[in-house]
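Structural overview
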Amino acid sequence: MAAISKRLGALSVFSLLAGWAGGARAEMALNFPEPAAGVAQEIYDIHMLTSAIATVLLVIILVVVGYSLYFHRKSRGYQADQHFHETWFGQWSWVIVPVLVLGIDLTIADSAQKTLEKVWEVPKNVDLMDVKVIGHQWWWEYEYLDHSVEIDGKPKAVRVESRYLPEDQAGEETAGYLRAVDNPLVLPVGKKVRFLHTSADVLHAFWVPELAVKKDAIPGYVTETWVDLTREGRFSGQCAELCGTWHSRMPIEVEVVSQERFKSWMEEQKQTMLVAAAEASLDKDWTREELMEKGRGNYNTRCASCHQINGEGLPPAFPALTGSAIVMGPLQAHLDIVLNGKPGTAMTPWNTLTDLELASIITYERNAWKNNTGDLVQPRDIKAAR
Amino acid sequence: MSTATIDLAHDHDHEHHGPPKGLKRWLFSTNHKDIGSMYLIFALTMLFAGGVSAMAIRLELFLPGLQLLDPDLYNNLVTNHALIMIFGAVMPAAAGLANWMIPLMIGAPDMALPRLNNLSFWILPAAATMLILSFIVPFFPGGGTQINTGWTIYPPLSVQVGMSMDFLIFALHMLGISSVLASINIIVTIFNMRAPDMKLTQMPIFVWTWLVTAFLLILVIPVLAGGVTMLLFDRHFGTSFFNAAGGGDPVLFQHLFWFFGHPEVYILILPSLGVLASVVPTFSRKPLFGYSSLVGAMIAIMIIGMVVWAHHQYTIGMSLGAVSYFMIGTIIISIPVGLMIFNYMATMWRGAMTFETPMLFAVGILLMFSFGGLTGIMLAVVPADMQYHDSMFVVAHFHYVLMPGAIFGLFAGVFYWLPKWTGHMYDEKLAKIFFWVNVISFNVTFFPQHFIGLAGMPRRIVDYHVMFTEFNVLSSIGAMVFGLSHLLFLYIIIKTVRGGKQAENKVWEGAKGLEWELSSPPPFHSWTTPPKLAAS
Amino acid sequence: MSADNAPERRHKNLRLAWILAGVALLMLLSSIPFWRGLLEMAINGVQ
């Protein structure tokens, strides 16, 4: 089936043009990228089959209408056949045409159903690696549910926060403009992976063309997709469901690596998490310099996409923090909005961050730019406010 | 009111036989021709408003990077473009054709409920004002954020938006009320006001398409109204219909929206396909092929079209059984749609064709709408849709369906009946130039979008990766020419209204139907005595 | 106003118009519970 659909697909307009332009400019993509997963290959094949069928039908319509337009015109002296609808064809076309179309429909539906059954539901009784994909306005969070470290006696899944990198911060190594992220989703090749999609705020959709699967991230729902990764490489995609202002800046980067590299990468992640946890649980008074230094980093990755690096926001959607009544006012209100968010706006609760991270961010906000409150917030203040 | 006063009014009008003078003629009009003209002028205005927003969108997408528009302003324009084109341009234009032509075609003196007719039109400018306010309000201090949700206004995003969303919800309510009232009027007119010896099966296909469309409107618009009302309650009155945290369901809104949204596509294209049934036989000089199968096909479209809505939401995580059902149902729609297209092709076959502008648009529809239909079958296939969904491929697909399927049909109808309405022939040479510029630039705009969609560009993004640049440049250039070409359309219309060669009663050599038995332009009150149908 | 209909026809028109308005109202009211039930079915499959 795959072989036939490839042959047919080679005839289609899309791939003809792809071949023509592909010769001229290699970068200009005209079709799905080369699949990097078994399910993506299935989807690629059904796409080529249906586009081939569509192209053939379009050519038939063009030929029939073109013939009629050329020959059956008054200027050629053609006399209209007033009794065409009385011929046997005219009498029975209302049966013939639907039957023919039904035949084509069933051909398509049959192949489509077979492919659908292969790709739609997550296979049972096989070894799957679970990755939870959480959409946020406007970044992605990945949790490796099968890999965890023990912090405070509780297992915590290894998690990666993946954010858009502005052009000036994106290096040569990255996927480039609008596609560069700080931390890619790293996956081992040859493994079956199940993605569990959900969202922390509004609708998002996880889409990497090389992996083909696309699913909406819906708050309150967990939807699932799966892929069987077949080749190594870095694959880029982006959020595919309109999610507000920076919908265009929610890139996804998946790095598929060998099993060994994945293992060592995972060890690194665990170590980093343990170090960060140890640091966060230190019961000490942090100095202003330490908090401001940490706060700048945390603020710039987590808060700056809305409130901007210079703290001036993008009103009215994203209020300025410089001179803001909340930031300059009593600490309690500031803690409250950061921990609990503001319902009905893009400001989500940030209570998943550690006490140290929150303390540094709030200290930074209250002292950076022209905000000179002089307040110093320690992790224990956050703990008390939770 | 006593019978005597009615008779008095009756006699009074018979003395003058002309329209009342001044503003009152339009404000209080109960005349189907005047109201039809107002609908068409309103639609033309909105066509330009929607067109300007589309050109702003394409200008922003000309090159990667943020040049012209803030992301939220861009998203707002995307929203407005859709809503203005659907509710402001296509639906009122189709209603305008209905108002003008249905009474003329079925031999009725006017619409069945003339005062209701006046009301359904005059709600529209109010609704359009609301819609424009929703765009303007955020520019004022304290006006809240812009509508950045797209026309689908999915929660929870639409709950985040400021007060302009409330303006939009009320605009949708008013537009809905207007459409439902107009539909009721049209159905009553068709059932009760036909010339005494005209059976339902003798009505022109255009009247049939509007009968089906009006029923669709009555069935689906209230569901949209229900959905947006629930959204309004979620926003202001603490309910959680769509709020997962409160036990609600964000997906419910999508179901309600698309239960309206998918039949809406047929609401937009059916009247235009009905125009083809008048245009194609006229210029092929041959009877319409397959009258009964056309009627059967459109009823099938109406029924199947109402039960396949969830193919707009394949990615929400439905069960295998549910997506299989929606996939097969969607693919099956190609049978009645294909039959309609086939019947028009068969009408052309072995005809003696000439290619005046309405016929050029008709041929354009047959070829390009078919192409849009074929990509529609591709999109119906669930596994492939996992790639296509929310990509530019979808944008290209539905513009190929709606531009030829809806707007070219309206252009064909306007050029076909304009001599009848105004009594003047339009400038055929200019109209042909308009057709070619319009069609070529349309294809330059939207054909490349198929490829960037397949290559991985999502829709509704204000900025894109450099790999999509070439085709976006091409598409934007096409869009500028396409947008500006409509100024020529406006010029042709104005020129025709102001003067031109006197049109005969039967404007086109091969035309058939009651409307061609009246003078051009028809008298202010036509068919005051019902016509007798010819023996044929 | 010369398009004013004879009283008989006027009644007939109004009766049909009210029936159609009733259909529209019915769709509005049914939209909430009915579609919610259908949605459950679509998500969980037919039980």
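The rules we used
- Residues numbered from 1 in each chain as written.
- Chains lettered and ligands numbered in written order.
- Predicted model: local features only at pLDDT ≥ 70, side-chain atom pairs only at ≥ 80, totals over all residues.
- Heavy atoms only, no water.
- Helix = DSSP H or I, 4+ residues; strand = E, 2+ residues; numbered from the N terminus.
- Rg over C-alpha atoms; globule rule 2.2 N^0.38 Å.
- Buried < 20%, exposed > 50% of the residue type's maximum accessible area, 1.4 Å probe, protein only.
- Contact = heavy atoms within 4.5 Å.
- Areas by Shrake-Rupley, 256 points an atom, 1.4 Å probe, with all protein chains shown as cover.
- Lys, Arg positive; Asp, Glu negative; His and termini not counted.
- Charge placed at Lys NZ, Arg CZ, Asp CG, Glu CD.
- Pairing = 2+ DSSP bridges.
- Axes fitted to C-alpha atoms, helices over the stretch in contact; angles between N-to-C directions.
- 1 Å grid on protein atoms, 1.4 Å probe; cavity = no way out; pocket = protein on both sides within 12 Å on 5 of 7 lines; lining within 4 Å.
- Points joined across faces, edges and corners; volume = space filled by probe spheres on them.
- Bend = angle between axes of the 7 residues up to and from the residue.
- Salt bridge = Lys/Arg side-chain N within 4 Å of Asp/Glu carboxyl O.
- Buried area = accessible area lost by both parts, 1.4 Å probe.
- Polar contact = N/O pair within 3.5 Å; in protein donor to acceptor, adjacent residues only side chain to side chain.
- Parallel < 35°, antiparallel > 145°, perpendicular 65-115°, else oblique.
- Left-handed = near helix turned anticlockwise from the far one by under 90°.
- Nonpolar A, V, L, I, M, F, W, Y, C, P; charged D, E, K, R; others polar.
- pLDDT = per-residue confidence, 0-100.
- Domains from an automatic or database assignment.
- Patch = residues over 30% accessible without salt bridge, like charges linked within 9 Å, V, L, I, M, F, W, Y side chains within 5 Å.

**A few points about the overall build of chain A**
- Across its full length, chain A carries eleven helices and ten strands.
- Against the compact-globule benchmark of 21 Å for 386 residues, chain A has a radius of gyration of 28 Å, which places it well outside the compact range.
- Seen through its C-alpha atoms, chain A measures out along the principal axes to roughly 95 × 50 × 40 Å.
- Taking all 386 residues of chain A together, 51% fall into the buried category.
- Taking the intrachain contacts of chain A between residues at least 6 apart in sequence as the baseline, contacts between residues at least 24 apart amount to 63%.
- Accessible surface for chain A amounts to roughly 18100 Å². Of this, 57% is attributable to carbon and sulfur atoms.
- Charged side chains of chain A number 37 positive and 48 negative; the gap between the two group centres comes to 3 Å.

**Section: the overall build of chain B**
- Of the regular secondary structure elements, chain B holds 17 helices and zero strands.
- Against the globule reference of 24 Å for 536 residues, chain B gives a C-alpha radius of gyration of 23 Å, in line with a compact fold.
- For chain B, buried positions account for 71% of its 536 residues.
- Residue pairs in contact within chain B that sit at least 24 positions apart in sequence constitute 81% of those at least 6 positions apart.
- Looking at chain B as shown, the accessible area adds up to about 16600 Å², and 71% of this sits on carbon and sulfur atoms.
- Within chain B, one finds 23 positive and 25 negative side-chain charges whose respective centroids are separated by 11 Å.

**Brief notes about the sheet that holds strand S10 (residues 251–257) of chain A**
Residue and element names in this part refer to chain A.
- Taken in spatial order, the three strands make up an open sheet running S4-S10-S9, and their pairing is mixed. Edge positions in the sheet fall to strand S4 (185–188) and strand S9 (233–238), since each of these pairs with one other strand and no more. The mean inter-strand angle of the sheet, taken between neighbouring strand axes irrespective of direction, is 25°.
- Relative to S10, S4 is paired through four bridges, and the arrangement is parallel. Counted as the bridge partner of leucine 187 is valine 256 from S10.

**Quick look at empty space enclosed by the protein**
All names here are of chain B.
- Within the structure shown, the criterion is met by six cavities of 30 Å³ or more.
- Reported here for the largest cavity is a volume of approximately 150 Å³.
- Met91, Pro92, Ala95, Ser179 and Leu217 are the residues nearest the centre of the largest cavity, which is lined by 18 residues in total.
- Considering each element in turn, the lining of the largest cavity owes the most residues, six residues, to helix H4 (residues 71–106).

**Considering helix H15 (residues 392–422) of chain B**
- Where H15 of chain B bends most, at tyrosine 416 of chain B, the angle is about 40°, and the proline proline 419 of chain B comes one to four residues later.
- Just beyond H15 of chain B, the residue with positive phi is glycine 423 of chain B, at close to 85°.

**Examining the pattern of salt bridges**
Residues and elements named next belong to chain A.
- Taken as a whole and judged by the stated rule, the model has 25 salt bridges over all chains.
- For arginine 234, the salt bridge goes to glutamate 253, with nearest N and O atoms at 2.6 Å. Taken together, the positions of arginine 234 in strand S9 and glutamate 253 in strand S10 put the pair 19 residues apart, joining distant regions of the chain.
- Residue class for arginine 234 comes out partly exposed when judged on its relative accessible area of 43%.
- Relative accessible area serves as the criterion here: at 2%, glutamate 253 is assigned to the buried category.
- A salt bridge links glutamate 279 to lysine 294; its shortest N-O distance comes to 2.9 Å. Separated by 15 residues along the polypeptide, glutamate 279 in helix H5 (residues 259–281) and lysine 294 in helix H6 (residues 288–302) bring together distant segments of the chain.

**Considerations on the interface of chain A and chain B**
- Across the contact, 92 residues belong to chain A and 94 residues belong to chain B.
- Between chain A and chain B, roughly 8200 Å² of surface is buried when both sides are summed, and carbon and sulfur atoms account for 71% of that area.
- On the surface where chain A and chain B come into contact, there are two salt bridges.
- The partner of arginine 350 of chain B in a salt bridge is aspartate 81 of chain A, and the shortest N-O contact between them spans 2.7 Å.
- At the boundary of chain A and chain B, one finds 21 residue pairs in polar contact (both at pLDDT 80 or more).

**What about the packing of helix H13 (residues 357–380) of chain B against H15 of chain B?**
Residues and elements named next belong to chain B.
- H15 packs onto H13 with a crossing angle of 160° between their chain directions and a minimal axis gap of 8 Å. By the angle class used here, H13 and H15 are roughly antiparallel. Relative to H15, the crossing made by H13 is left-handed.
- Classifying every residue of the contact of H13 with H15 by side-chain character gives 18 nonpolar, eight polar and no charged.

**A few points about the confidence of the model for chain A**
- With 92% of its residues at a pLDDT of at least 70, chain A reaches an overall mean of 85.
- Across residues 1–16 of chain A, confidence stays below pLDDT 50; counting only partners more than four residues off in sequence or on other chains, it has 26 contacts.

**Here's the deal with the pairing of strand S2 (residues 139–151) of chain A**
Residues and elements named next belong to chain A.
- Looking at chain direction, strand S1 (residues 129–136) and S2 are connected through six bridges and run antiparallel. Of the residues in S2, the one forming a bridge with histidine 136 is tryptophan 139.
- Between the end of S1 and the start of S2, which pair antiparallel, lie two residues.
- When S2 meets strand S3 (residues 154–162), the two strands line up antiparallel, connected through nine bridges. Within S3, the position partnered with serine 148 by the bridge is alanine 157.
- Counted between consecutive antiparallel strands, the loop separating S2 from S3 contains two residues, among which aspartate 152 sits at a positive phi close to 55°.

**Some points on unusual backbone geometry**
- In the segment running from glutamine 137 of chain A into tryptophan 138 of chain A, the intervening peptide bond is cis, with an omega of 0°.
- Here tryptophan 138 of chain A is to be found in the loop between S1 and S2.
- Here proline 155 of chain B and proline 156 of chain B are connected by a cis peptide whose omega angle stands at 5°.
- Along the chain, the position of proline 156 of chain B falls in the loop between helix H5 (114–136) and helix H6 (157–160).
- Positive phi is not limited to glycine here, since leucine 178 of chain A has a value of about 65°.
- Take leucine 178 of chain A: it is sitting in the loop between S3 and S4.
- Judged by its relative accessible area of 4%, leucine 178 of chain A is buried.
- Of note in the backbone geometry, arginine 460 of chain B takes a positive phi value of approximately 60° without being a glycine.

**Here we look at the packing of helix H9 (residues 250–284) of chain B against H13 of chain B**
Residues and elements named next belong to chain B.
- Contact geometry of H9 with H13 gives a least axis separation of 9 Å together with a crossing angle of 125°. Between H9 and H13, the angle falls in the class oblique. For the pair H9 and H13, the sense of crossing is left-handed. Contact residues: Ile269, Leu273, Leu276, Val279, Val280, Phe283 and Ser284 in H9; Pro358, Met359, Ala362, Ile365, Leu366 and Phe369 in H13.
- Residue composition of the contact of H9 with H13, by class: twelve nonpolar, one polar and no charged.

**Quick word on the domain arrangement of chain A**
- Here chain A is partitioned into domain 1 (38–68 + 89–120), domain 2 (128–277) and domain 3 (283–385).
- For domain 1 of chain A and domain 3 of chain A, the distance between their C-alpha centres works out to 57 Å.

**What to know about the sheet that holds S2 of chain A**
Residue and element names in this part refer to chain A.
- A sheet is described by the order of its strands in space; here five strands give the open sequence S3-S2-S1-S5-S8, paired in mixed fashion. Two strands close off the open sheet at either side, each with one partner strand: S3 and strand S8 (223–228). Averaged over all neighbouring strand pairs, the angle between strand axes comes to 30°, with direction disregarded.
- Pairing of strand S5 (residues 192–199) with S8 involves six bridges; the strand directions are antiparallel. Bridging across to S8, arginine 194 finds its partner in tryptophan 226.

**A closer look at a nonpolar patch on the surface**
Residues and elements named next belong to chain B.
- Together, Phe62, Leu63, Ile433, Val437, Ile477 and Val481 give the surface a local cluster of nonpolar side chains, amounting to about 440 Å² of exposed area.
- Elements that contribute at least two residues to the nonpolar patch include exactly helix H16 (428–455) and helix H17 (469–498).
- If you trace the backbone, leucine 63 turns up in the loop between helix H3 (32–60) and H4.
- Overall, the relative accessible area of 38% leaves leucine 63 in the partly exposed class.

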